[in-house]
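Structure assessment
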Amino acid sequence: MSPISKILLKFLCASAFIMLMAAALNFVVDPLQLFRQARPFPAMYSADTRMQDAGLIRSQPFDTAFMGTSLAIHFRQRDIDRILGGRSLKLSMTGSNSREQSFVLDAAMARHPKRVVWQLDDWIFRDTPEIDSDIFLPSGLYRRSAAGLAGYLFSGQMARESLWILARSLPPLEPAIARLTSDLVFKFPIADVDDINALPPDYDVAAGYNARKAFAAFRHITDPVRSRYLADGYEYEAMVRAFERDAISLIARNPDVAFDIYFPPYSVLQFVAMRDAAPSALKTVYDFTAYAFPRLLQFPNVRLSDFRAVKEVTHDLENYGDVIHHSPAVDLKVLQWLAQGKYQVDRSAPLASLERLKVQVDAYRLER
C-alpha cells in the first residue's frame, strides 16, 4: 500500500470513528426525545416546532392535540388544560400550511388523542408543495424512516446540542451553562415544555399589542407597492382541494376523535385591507367560508366556532400587534369561548357568522 493510500485509509477510519461517536452521543442524549423520554439528562426543547413536534409527539403524555399557525403559537399548555380540561400538547407551527398541519396531526394520531383543537383560517389552504419537498419540515423524523433517523443521529449540529445538554446536566456546571444557553446559538434552549414559543411572564404586552402597531401594519399592507401581496395564495379551487385533502380527509379518517375547530378573531383591519386593496381576495375568503363551514358540519365529531365577527375584540385594535395577531389576553378569551361553546356555529345556520362578518366589514370606516 502506497503512503498516500495509508494516509487516506487513516483519514477515512478517523472520519468514520468521529461519525460513530457523534451518532452514539446523539442516541444516548437524544435531544428530541425520539427514542425515549429524557433521562438521565434533563429535557431541553427547541422553538423550531417543525422539528420539535416530532419529538414531542413521541415523548409527551397528551389526550388533546392543539394545532394552528402563529396565531396559536403563544398559548400555554397549562392554560389549555386548566380551561378546556384534559392534557394538551401544543403542536402549532408559525407560518404553517394545511399540508404541514395535517401531516403532523396524522403523526399525533398514533398516540390516540381524544380531541384535536385546531385553529384554521383560509390562508393555510394555499397551494403548497408535497410534504417531502418541504425543506422546513423533517418528514423522516415523523415517519421514523431510516434516512430520517440517520440524518438525526449523524448530524454534527445535533452532536453539538447533545454535548451542551450533557454539560448542562452536570450539577457543578448547570448554573453557568444555563446562563450561557441562548436561542441565538443553540437549538434546544428551553427547559420547560410549557415555555415553547410562549411569551415570557415579563413580556411588555402593552408595547407589543396596541392600536398604533395595528394601524401601522394596515398602512404597510395596503401601500400600493405591496397591496398585491394581499391576494397571494387566495385561489378558490386550490384552497378547496387543500381543504378536502388536509382537513376533511383527516377528520373522516378519525371518527372517534373530537375536532374542536375555530377560526381566529383577526382584527377587522385584515378584512378591511382586502376590501379596499384586494377585493377579489375578500370574495375568495367569503366563498371559501361558504363552502368550508357546511362541509365541516357534515361530520358529527366536529364542533366549529367562528370568532371573526366577535366585534368587541376584533374592533378593539388595542388587542393586536398587527392586523391579525392578537394578544395573550385574547388567547385566554379564545379558550374560554371554546369551553363555553360561545360563538359556536349552528348546524342549522352554518353561514350566519359569515353574514355578520360581511356586514361588519362593509360598515367599518377608518378613522384618518
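Described in the following lines is the structure provided in the data block.

Parameters at a glance
Residues numbered from 1 in each chain as written. Predicted model: local features only at pLDDT ≥ 70, side-chain atom pairs only at ≥ 80, totals over all residues. Heavy atoms only, no water. Axes fitted to C-alpha atoms, helices over the stretch in contact; angles between N-to-C directions. Helix = DSSP H or I, 4+ residues; strand = E, 2+ residues; numbered from the N terminus. Parallel < 35°, antiparallel > 145°, perpendicular 65-115°, else oblique. Left-handed = near helix turned anticlockwise from the far one by under 90°. Contact = heavy atoms within 4.5 Å. Nonpolar A, V, L, I, M, F, W, Y, C, P; charged D, E, K, R; others polar. Expected span 1.5 Å × (residues − 1). Buried < 20%, exposed > 50% of the residue type's maximum accessible area, 1.4 Å probe, protein only. Core = buried A, V, L, I, M, F, W, Y, C linked by side-chain atoms within 4.5 Å. Pairing = 2+ DSSP bridges.

To characterise two packed helices, one gives the angle between the axes of the helices and the distance between these axes. Running from amino to carboxyl end, helix 11 (residues 236-253) crosses helix 13 (residues 279-296) at an angle of 25°, the nearest separation of the two axes being 11 Å. Taken as axis vectors, helix 11 and helix 13 run roughly parallel relative to one another. In this structure, helix 11 meets helix 13 at a crossing whose hand is right-handed. On helix 13, the residues that touch Tyr236, Met239, Val240, Phe243, Glu244, Ile248 and Ile251 of helix 11 are Thr284, Asp287, Phe288, Tyr291, Ala292, Arg295 and Leu296. Partitioning the contact of helix 11 with helix 13 into residue classes produces ten nonpolar, one polar and three charged.

This part takes up helix 11. For an α-helix, 3.6 residues make a turn, and residues three or four places apart therefore share a direction. For helix 11, spanning 18 residues, the distance from its first C-alpha to its last is 24 Å, which sits close to the expected 26 Å at 1.5 Å a residue. Within helix 11, the full set of buried residues consists of Ala238, Met239, Val240, Ala242, Phe243, Asp246, Ala247, Ile248, Leu250 and Ile251. Elements that come into contact with the buried residues of helix 11 comprise helix 4 (98-108), strand 3 (115-119), strand 4 (258-263), helix 13 and strand 5 (302-306).

Ranked by internal contacts, the top residues of the largest apolar core, which has 110 residues, are Trp118, Phe259 and Ile261. Non-local contacts of Phe259, meaning those with residues more than four positions away in its chain, are made with Met109, Val116, Trp118, Leu250, Ile251, Asn254, Asn301, Val302 and Arg303.

Here we take up the sheet that holds strand 4. Strand order in this open sheet of five strands is 2-1-3-4-5, and the pairing throughout is parallel. Only two strands of the sheet have a single partner each, and these edge strands are strand 2 (88-90) and strand 5. Looking at each pair of strands side by side, their axes are set apart by 15° on average, direction ignored. Of the strand pairs in this sheet, strand 4 and strand 5 are connected by five bridges, and their pairing is parallel. Within strand 5, the residue paired with Phe259 across the bridge is Val302. Where helix 15 (residues 328-340) meets the sheet, it contacts strand 1 (64-67), strand 3, strand 4 and strand 5, and its direction lies at approximately 130° from that of strand 4.

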